[in-house]
Amino acid sequence: MSSIGSANLKFVKFLSRVECKQNSLILPFDFVEKYGRWIPKNLIINIGNAYEIAVQYHRGVRTLFGVSKVFEVFELKGGETLFFNFFSDSKLSLFIVGTKAVELNYALILDPLSNPSPRLGCFGRKFVIFLTCIEAVVDEIDPPLSFFEELGFGSADDLRFSLNNGRNFQGSYMENGPKITGFERMCRMLGVRDLNCFHLMLFTYNGNHSFDVAVFDESLVEIIFPGDASCNGNDLSFVDMRLLMFYCNIDNFEIAKIYEVVGESSTPVGDVLKFEVVVQKFHMYDYCHGVDIGQKFKNVFKSWGKNVAITVYEGNRSWIIQIRKRRDLKRTSMHEGWQKFRDD
């Protein structure tokens with residue numbers, strides 16, 4: 001079995017009232033599709049580094065069984081956000097963010113009579129920002145007020161943010177609001193107009209006014225950004241995978257629009273069909289002359305011949321790409337012209 005510990009795979013589960021009354025928890029479909037083969041049957045869930053419980057995973061129904069004790073111990077009622085992270089072949093860490101968007105105080109829940117100096121008071125504390133139901137986030141974010149009050153941040157304190165690819169950017173905490181700023185730099189790094197193309201952001205405080213930032217897509221799986229700490233703000237190479245989305249005119253083979261950016265999609269205008277291709281690292285090698293189009297889009301290319309050409313447009317530029325079908329008609333690919341388009 002391949003280890004997933006080094007991959008640091010994170011996903012999110014929104015907990016409903018109904019699920020709090022059950023002894024099972026269904027994992028997100030997209031996460032299981034990508035990584036389910038690595039999940040062992042027997043698991044230990046570590047909750048906030050304060051509590052552990054043994055559970056079982058059933059791959060056929062992508063479900064964890066034996067989780068009701070977690071809901072009972074931490075008094076979960078529904079509306080909480082669960083952040084899971086695989087850090088070994090048999091352990092799964094869980095951090096619980098409450099309905100006020102701040103991580104629970106596990107120590108105080110486990111021992112209400114104690115007066116602990118909890119981990120949540122400094123290193124490791126988390127809060128979440130949901131991006132799909134707020135105005136466009138370009139530079140400023142409104143954090144949970146209680147989070148910064150407990151940490152005792154002052155107005156205009158400098159902050160440092162780190163992404164999962166090792167790249168960093170600077171920001172500030174503004175007590176009047178309160179607000180945290182500096183995310184325009186993150187937008188420039190990632191080549192996006194605003195951060196609302198993502199679903200949510202998880203902030204983890206590392207002490208010394210420093211935060212780790214994890215970003216999740218609409219399938220509730222963490223986005224692993226390409227690049228490393230030595231990259232400049234415009235260097236976004238194909239390290240993991242990307243989705244190219246094509247919108248094509250129904251009455252001819254020409255592509256009306258192509259748009260590609262991490263976590264974002266464009267909206268087609270008029271009467272069009274859509275297909276997409278997933279570009280992975282090996283597609284960037286010199287020996288790779290094409291990329292396959294999935295069978296689920298056969299309604300788009302069923303009328304194409306075995307060798308036709310399409311024209312792809314982006315802004316004022318265009319590329320001619322040959323379309324090839326195998327004799328068994330079970331695979332259609334973008335072939336000659338792919339490398340030029342890819343490199344451009």
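You'll find the protein entered in an unreviewed UniProt entry as TF-B3 domain-containing protein, with Heracleum sosnowskyi given as the organism.

Visitor: What is the right way to read the overall build of the protein from this model?
Guide: In terms of regular secondary structure, the protein is built from eight helices and 21 strands. When the 344 residues of the protein are sorted by exposure, 47% land in the buried category. Considering only contacts within the protein whose residues lie at least 6 apart along the sequence, 55% involve residues at least 24 apart. Of the roughly 17900 Å² of accessible surface on the protein, 49% is carried by carbon and sulfur atoms.

Visitor: Looking at this structure, how should I read the sheet that holds strand E13 (residues 200–205)?
Guide: Strands belonging to one sheet form pairs held by backbone hydrogen bonds; the direction of such a pair is parallel or antiparallel. Ordered in space as E8-E13-E14-E10-E11-E12-E9, the seven strands form an open sheet in which the pairing is mixed. The open sheet terminates on both sides in strands that have one partner only, identified here as strand E8 (126–130) and strand E9 (140–141). Examined bridge by bridge, E13 and strand E14 (residues 210–216) share six bridges and lie antiparallel to one another. Directly across from Leu 200, in E14, lies its bridge partner Phe 216. Sitting on the sheet, helix H6 (residues 183–190) is in contact with E9, strand E10 (157–162), strand E11 (168–174), strand E12 (179–181), E13 and E14, with an inclination near 155 degrees to E11.

Visitor: Honestly, H6 in this entry has me stumped. Any pointers?
Guide: Because an α-helix completes one turn every 3.6 residues, residues spaced three or four positions apart along the sequence face the same direction. Taken as a whole, H6 has its buried residues at Phe 183, Met 186, Cys 187, Met 189 and Leu 190. Summarising the axial view, the buried residues of H6 lie within an arc of 160 degrees, below the 170-degree limit, and thus occupy one face. Here the buried face of H6 lies against E9, E10, E11, E12, E13 and E14. The positive-phi residue at the C-terminal boundary of H6 is Gly 191, with phi of around 70 degrees.

Visitor: Looking at this structure, I do not really get the sheet that holds strand E2 (residues 24–26). What am I missing?
Guide: On the basis of which strands lie adjacent, the open sheet formed by seven strands has the order E1-E6-E7-E3-E4-E5-E2 and mixed pairing. Of all the strands in the sheet, the pair left with one neighbour each is strand E1 (10–14) and E2. Each adjacent strand pair in this sheet contributes to an overall mean axis angle of 30 degrees, direction not counted. By the bridge criterion, six bridges tie strand E3 (residues 42–47) to strand E4 (residues 51–58) in an arrangement that is antiparallel. Residue pairing in the sheet places Ile 47 in a bridge with Tyr 51 of E4.

Visitor: Is there a simple way to think about the environment of Lys 21 in this case?
Guide: Here Lys 21 shows up in the loop between helix H1 (17–20) and E2. Sequence-wise, Lys 21 and Phe 71 are 50 residues apart; in three dimensions their C-alpha atoms are separated by 8.0 Å.

Visitor: It is not clear to me how the environment of Val 213 should be interpreted in this structure. Could you clarify?
Guide: Summarising the element assignment, Val 213 is placed in strand E14. Remark: the alpha-carbon pair of Val 213 and Leu 163, spanning 50 residues in sequence, is separated by 5.3 Å. When neighbours within four sequence positions are excluded, Val 213 is seen to be in contact with Phe 161, Ser 162, Leu 163, Asn 164, Met 186, Met 201, Leu 202 and Phe 203.

Visitor: Explain the confidence of the model for the protein here, please?
Guide: In regions of low pLDDT, the predicted coordinates are not meant to be interpreted in detail. Per-residue pLDDT for the protein averages 76, and the proportion of residues at 70 or more is 74%. Within the protein, no element has a lower average pLDDT than strand E16 (residues 255–259), which sits at 50, and none a higher one than strand E5 (residues 63–65), at 94. Counting interchain partners and residues more than four positions distant, the pLDDT-below-50 stretch residues 1–7 has 12 contacts. Residue range residues 259–271 is modelled with pLDDT below 50. Its contacts to residues more than four positions away, or to other chains, number 26 contacts.

Rules behind the numbers
Residues numbered from 1 in each chain as written. Predicted model: local features only at pLDDT ≥ 70, side-chain atom pairs only at ≥ 80, totals over all residues. Heavy atoms only, no water. Helix = DSSP H or I, 4+ residues; strand = E, 2+ residues; numbered from the N terminus. Buried < 20%, exposed > 50% of the residue type's maximum accessible area, 1.4 Å probe, protein only. Contact = heavy atoms within 4.5 Å. Areas by Shrake-Rupley, 256 points an atom, 1.4 Å probe, with all protein chains shown as cover. Pairing = 2+ DSSP bridges. Axes fitted to C-alpha atoms, helices over the stretch in contact; angles between N-to-C directions. Arc of directions from axis to C-beta. pLDDT = per-residue confidence, 0-100.

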